Structure formats: structure tokens, C-alpha cells
Amino acid sequence: MKLPTEMTLSQIAQMLGGRVEGQGDLKIGSVAASPLASTEDDLALVFDEKLIKLLPDIKAKAVLLPEGVKSNRPSIYVKRPMLAIQRMLTAVQPKRHYPQPGIHPSAVVDEGVELGENAAIGPLVVIGPRTKIGARTKVMPGTVIGADVVIGDDCLIHPGCLIADFVKIGNRVVLQQGASLGSDGFAYVTERMSNLERRLSGIRELEDASNPHLKIPQIGTVVLEDDVEIGSNTTIDRATMGATVIGKGAKIDNQVMIAHNVRIGSEALVIANVSIAGSCVIGDRTIISGHSAVSDHIKIGKDAIVEGYSGVFRDVGDGEIQLGIPAMDRRERMEQLVHFKKLGKYASEIRALKDRLAKVEEALGERQLVKG
């Protein structure tokens, strides 16, 4: 990655909040994407423990390292490596191509729409009646925004997003391409007791007659609070009544499904391919890792962690770390996995003990016969 201009090691360290050891005036023109592929002109970012062990094999002119690692070449030391990466990439990121302020001629914007100062509406955007879009918000090509939507200031809506009627979006919200907000929640009822209800209530006789699913109108909305980011092709359903709420600063990854009436707390992280069923409450700063699923009406407390590929079927307390299907305390699950791997050994030991017990019982029986 080429830097916009050559910088000295000291200048880079100042930008990152780090400290220099070695030649501070050494000039750097590029940052290696991979430390092992670095050249003698690069700065290499060496944070991973495996890479640190390979430090002598890295050819870079200088290295960026965590505090405590020894190096015999010019180095920048930082306390929080990922924060250093965030600062560096923020400083050198290339300029993205956004719509200019105003309305593109190909956009279809209802005459009742209110646009804030320097809002930018890109090509082929459709915006419905009475919608309000805040100052400096950018709406990129192909996005469809319904009626009576409220979008705050400084938002960035990437191409192809779908925002249904009545959705409310706060300030500085980012929607990645293809995000869908405000689709109907999945809610149906039958006039007569369904076969599912029969099974759950213990009735063995099932009906074969038609019993159509009647849609329950979804009259609520979706609310995204300030500084939320929603990933590509993520779907957030509107509430049956009230609102599905994504709390301030929460980050939702790609291809996540969030059902009606879910409430996600502030600064929570929901990672790719997670499914959260209706009416769940997710606490502040909670992390739900990739491919996990949360059953309906579950409460997950603050600062909890649900590890990847877990299935949550009961409430999770504040600060708990859960793993597995069904999800349970991580330590307990890991102990189970350790024992599971030893089942063959346990079975052999049990068979040996049973054989020894049988021999003992046989010997005791023979003694009783002799005494008798």
C-alpha cells in the first residue's frame, strides 16, 4: 500500500500514537499488505504471535510492533495494534466516489420530501412522500426509500438499500449495500388449532384438512439510533407493534437476520450470518458471533459473548460466555468436549471394570457354595 507521500518513521509514530526505536528520520513510502511479502522499502505491521516469531525473516525496512517485542531494526511500538491499524488506514484511505450534493436527474423524489443542507441523492434513487433526509447525508445509486421515513444527518447509504415506510434512522448511520430495513415480520395465525399446536399440547390426532395461515399485519417500525452500521444484505424486520430497535453505536455485520420486535443494545456486535428470532432483547456491548442463532423471546444480558455456531435457547446473564448447541457456559461446554473425546477410553475402562466385577462376584459365589 503506497502512502500518499513519504513520511518519516517519527511522523508515522506520531500519527499512530506510538514511539520510535532506531532511526526516526528514516523515510517510508509504503506499507506491506503482508509482512512476509514485504520488501526493503516497506513498513511491515507485525502483530500476530506467529509472525513475531518469524521477525528475522521479514525483509521490511522498518516494523510496527506491539510493546515488549525486541527488534534489531528501526521500529514503531504501539500499545494497541488494532487501534494503530485503524488510525493508519483512516489517514491513508483513498477518496471514495459519492454523489454530489443535490438530486441526480435520474432520481425519482416525491415533491413532499425534505432534504437537509448538502444532502446528496444519487442516480436512480426513489424516495417516497413526506420523507425527511438530514444534512450531508449521501444516498447512493439504486436505493429505494419509502414514505414517512426519517433519516438523520451525515448518514451514508450505499447502493441498492431498501428502506420501507416509517423507518427512523439516526445520525451518522451507515448502511452497506443491499441492506433491507422494515420488511414485514414473519407472523401468521390459523383460525383453528394448527397441527403444530396439537403436537405441542400433546394431542396425537392430526388433521389433514386445509387450515390456511392468516397474516398478522406488521404495523410497527424499525429504529436505528445514532452511529449504527448495518452490513450488506442484512435484513431487519419491522415490529408487529412498536419498534425493532438497534441501539446507539451497534454494529451489525453482513447477512444477518433480525426479526420483529428485537431490541439490540448500544455498542453491541452481531457478526455474519447470525439469526435473531422475534422479541429478543440483546444487552449493551454484547457480542453474538458468526452463524449463531437465538430463539424467540430470549434475553441476553450486557457484555455477554455468544461464540460462533451456537444455538441460544435460554436467557444468558450479564457477562456470560456461551458456546455450543444448546449454548451453555463456555467452560462447561469445553469440559464436555474433553470428556467426549475420551468416550472410547471410558467405554474400554468400564468394560474392564465390569469383567473384573463379574470375576469377583463369581469367586464370592463359589466361596458361599463351599461354606454352605
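Since the model is a prediction, treat every value here as computed from it, not as a measurement.

### Details of the overall build of the chain
Tallying secondary structure elements over the chain gives six helices and 39 strands in all. Here the chain has a C-alpha radius of gyration of 30 Å; the compact-globule value for 372 residues is 21 Å, and the former is much larger. Scored against the burial criterion, the 372 residues of the chain give a buried share of 39%. Residue pairs at least 24 apart in sequence account for 19% of intrachain contacts in the chain once pairs closer than 6 positions are excluded. Separation between the mean location of the 45 positive side-chain charges and that of the 46 negative ones in the chain comes to 6 Å.

### Some remarks on the nonpolar core
Grouped together as the largest cluster of nonpolar side chains are 48 residues, with contacts concentrated most on Ile163, Ile169, Leu175, Leu224, Ile264, Ile276 and Ile300. Ignoring sequence-local partners within four residues, the contact set of Ile163 consists of Val144, Ile145, Gly146, Val149, Ile151, Ile157, Ile169, Leu175 and Leu181. By size, the runner-up hydrophobic cluster in this structure holds 19 residues, among which are Met7, Leu43, Leu64 and Val92.

### Some words on the environment of Gly249
Locating Gly249 in the fold gives a position in the loop between strand 26 (243-246) and strand 27 (251-252). Sequence separation between Gly249 and Glu117 is 132 residues; the distance between their C-alpha atoms is 24 Å.

### Some details on the environment of Val281
If you trace the backbone, Val281 turns up in strand 32 (residues 281-282). Taking the C-alpha atoms as reference points, Val281 and Gly319, 38 residues apart in sequence, are found 15 Å from one another. Filtering out sequence-adjacent residues up to four positions away, Val281 remains in contact with Arg263, Ile298, Lys299 and Ile300.

### Here we look at the pattern of salt bridges
Within this structure, the stated rule accounts for twelve salt bridges. A salt bridge links Arg198 to Glu207; the shortest N-O distance between them is 2.9 Å. Close ionic contact of Arg330 with Glu307 constitutes a salt bridge, the shortest N to O distance being 2.6 Å. Pair noted here: Arg330 is in helix 5 (residues 330-341) and Glu307 is in the loop between strand 36 (305-306) and strand 37 (311-312), with a separation of 23 residues, a long-range link. A relative accessible area of 21% places Glu307 in the partly exposed class. Where salt bridges share partners, they join Arg19, Glu21 and Glu67 into one cluster.

### What to know about the side chain of Thr244
Structurally, Thr244 is set in strand 26. At 2.9 Å, the side chain of Thr244 forms a polar contact with the backbone nitrogen of Asn261. In this view, Thr244 contacts Thr221, Val222, Val223, Ile236, Asp237, Arg238, Ala239, Ile258, Ala259, His260, Asn261 and Val262; residues no more than four positions away in its chain are not counted.

### As for helix 5
With twelve residues, helix 5 should reach 16 Å at 1.5 Å per residue; the first-to-last C-alpha distance of 17 Å fits that figure. The N-cap of helix 5, judged by a side-chain oxygen 3.1 Å from the amide nitrogen of Arg331 a few residues on, is Asp329.

### With respect to the side chain of Thr137
Note on placement: Thr137 falls in the loop between strand 12 (132-133) and strand 13 (138-139). There is a polar contact of 3.0 Å between the side chain of Thr137 and the backbone nitrogen of Cys155. If sequence neighbours within four positions are ignored, Thr137 has contacts with Ala119, Ala120, Ile151, Gly152, Asp153, Asp154 and Cys155.

### Re the sheet that holds strand 4 (residues 42-45)
The six strands lie next to each other as 1-3-4-5-6-2, forming an open sheet whose pairing is mixed. Only two strands of the sheet have a single partner each, and these edge strands are strand 1 (2-8) and strand 2 (19-21). Averaged over all pairs of adjacent strands, the angle between strand axes in this sheet comes to 30°, irrespective of strand direction. In the sheet, strand 4 pairs with strand 5 (residues 62-66) via three bridges, with the strands oriented parallel. Bridge pairing in strand 5 links Leu45 to Leu64. This element, helix 1 (residues 9-16), spans strand 1, strand 2, strand 3 (27-31), strand 4, strand 5 and strand 6 (75-78) of the sheet and lies at about 110° to strand 1. Of the strands in this sheet, strand 1, strand 3, strand 4, strand 5 and strand 6 touch helix 3 (residues 81-92), which is tilted by about 140° from strand 4.

### Some points on the sheet that holds strand 36
If you trace the twelve strands from one edge of the open sheet to the other, you get 7-10-13-16-19-24-27-30-33-36-38-39, paired in mixed fashion. Two strands in the sheet have a free side with no partner beyond their single neighbour: strand 7 (102-103) and strand 39 (328-329). In terms of strand pairing, strand 27 meets strand 30 (residues 269-270) through two bridges, oriented parallel. Looking at strand 30, one finds that Ile252 is bridged to Val270.

Rules of the game
Here the residue index of a chain counts from 1 through its sequence in written order. Only residues with pLDDT of at least 70 get local features here, since the model is predicted, and only at 80 or more are side-chain atom pairs given and counted; chain-wide, interface and lining totals rely on the full set of residues. Hydrogen atoms and water are omitted, and side-chain values are computed over all heavy atoms in the structure. Strands are runs of DSSP state E lasting at least 2 residues, helices are runs of H or I lasting at least 4, and numbering of each runs from the N terminus. Here the globule rule is a power law, 2.2 Å times the number of residues to the power 0.38, and the radius of gyration is based on C-alpha atoms. For the exposure calls, accessible area comes from a 1.4 Å probe over protein chains only, and a residue counts as buried if that area is under 20% of its type's maximum, exposed if over 50%, partly exposed in between. Between two residues, a contact is recorded if the distance between any of their heavy atoms is within 4.5 Å. Working convention for charge: Lys and Arg count positive, Asp and Glu count negative, and His plus the chain ends are omitted. A charge is said to be at NZ when it belongs to Lys, at CZ for Arg, at CG for Asp and at CD for Glu. What we call a nonpolar core is a set of buried Ala, Val, Leu, Ile, Met, Phe, Trp, Tyr and Cys residues that are connected through their side-chain atoms within 4.5 Å. Each salt bridge in this description consists of a side-chain nitrogen of Lys or Arg and a carboxyl oxygen of Asp or Glu lying within 4 Å of one another. By the criterion applied in these results, polar contacts are pairs of N or O atoms within 3.5 Å in which, for protein atoms, one can donate a hydrogen and the other can accept it, and in which residues neighboring in sequence qualify only through two side-chain atoms. A helix's residues, less one, multiplied by 1.5 Å, set its expected span. Pairing between strands is defined by DSSP: at least two bridges between them are needed. Lines fitted to C-alpha atoms define the axes, with helix axes restricted to the stretch in contact, and inter-axis angles between N-to-C directions lie between 0 and 180 degrees.

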